Amino acid sequence: MERNVLEHEPRLALFVPDNDPLLFYNHIARYATTALKPDGRLFFEINPLYVEKMEEMLREYGLHDIEIRNDQFGKQRFISGCKQTRK
């Protein structure tokens with residue numbers, strides 16, 4: 001991790017237990033299922049190592065139209081999903 005990040009971000013925001021690397025993402029996605037309006041989108045900046053797990057998690061929370069985008073270096077860095085339209 002870059003030095004400037006380590007020096008200016010709270011440790012709690014940067015590190016989670018090794019056995020649960022998606023801890024914060026999970027809580028945010030769960031909250032989004034009730035907070036997002038129909039067709040609302042949830043966006044995350046992610047660690048490229050967890051792209052598949054993130055996609056699976058978003059689907060488990062009922063999000064669809066999952067999009068994964070690369071950063072300027074070609075790494076899969078961003079993911080988003082859409083909440084179902086009200087029926």
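What counts, and where the lines are drawn
Residues numbered from 1 in each chain as written. Predicted model: local features only at pLDDT ≥ 70, side-chain atom pairs only at ≥ 80, totals over all residues. Heavy atoms only, no water. Buried < 20%, exposed > 50% of the residue type's maximum accessible area, 1.4 Å probe, protein only. Helix = DSSP H or I, 4+ residues; strand = E, 2+ residues; numbered from the N terminus. Pairing = 2+ DSSP bridges. Patch = residues over 30% accessible without salt bridge, like charges linked within 9 Å, V, L, I, M, F, W, Y side chains within 5 Å. Areas by Shrake-Rupley, 256 points an atom, 1.4 Å probe, with all protein chains shown as cover. Salt bridge = Lys/Arg side-chain N within 4 Å of Asp/Glu carboxyl O. Core = buried A, V, L, I, M, F, W, Y, C linked by side-chain atoms within 4.5 Å. Contact = heavy atoms within 4.5 Å.

Visitor: Is there a simple way to think about the pairing of strand β1 (residues 41–45) in this case?
Guide: Side-chain direction in a regular strand flips from residue to residue, so the side chains alternate between the two faces of the sheet. In β1, alternate side chains face the same way, and those of Leu42 and Phe44 are buried while those of Arg41, Phe43 and Glu45 on the opposite face are not. Pairing between β1 and strand β3 (residues 76–82): five bridges, direction antiparallel. Residue Glu45 lies in a different strand from β3, and its bridge partner there is Phe78.

Visitor: Would you take a moment to explain a nonpolar patch on the surface for this structure?
Guide: Among the surface-exposed residues, Met1, Leu6 and Phe15 lie close enough to one another that they form a single nonpolar patch of about 310 Å² accessible area. Checked against the element boundaries, Phe15 lands in the loop between α2 (11–14) and α3 (23–35).

Visitor: I tried to follow the nonpolar core on my own but got confused; where do I start?
Guide: Taken as a class, soluble globular proteins show a tendency for nonpolar side chains to be buried jointly. Leu42, Phe44, Ile46, Met54, Leu58 and Ile79 are the most contacted members of the largest nonpolar core, which has 14 residues in total. For this core, the elements supplying multiple residues, two or more each, are α3, β1 and α4 (51–60). Ranked by residues supplied to this core, first place goes to α4 with four residues.

Visitor: Looking at this structure, how should I read the environment of Glu67?
Guide: Topologically, Glu67 is positioned in strand β2 (residues 64–70). Given the relative accessible area of 32%, Glu67 is considered partly exposed. Separated by 15 residues in sequence, Glu67 and Cys82 place their C-alpha atoms 9.2 Å apart. Look past the residues within four positions of Glu67 in its chain and what remains in contact with it is Arg41, Phe78, Ile79 and Ser80.

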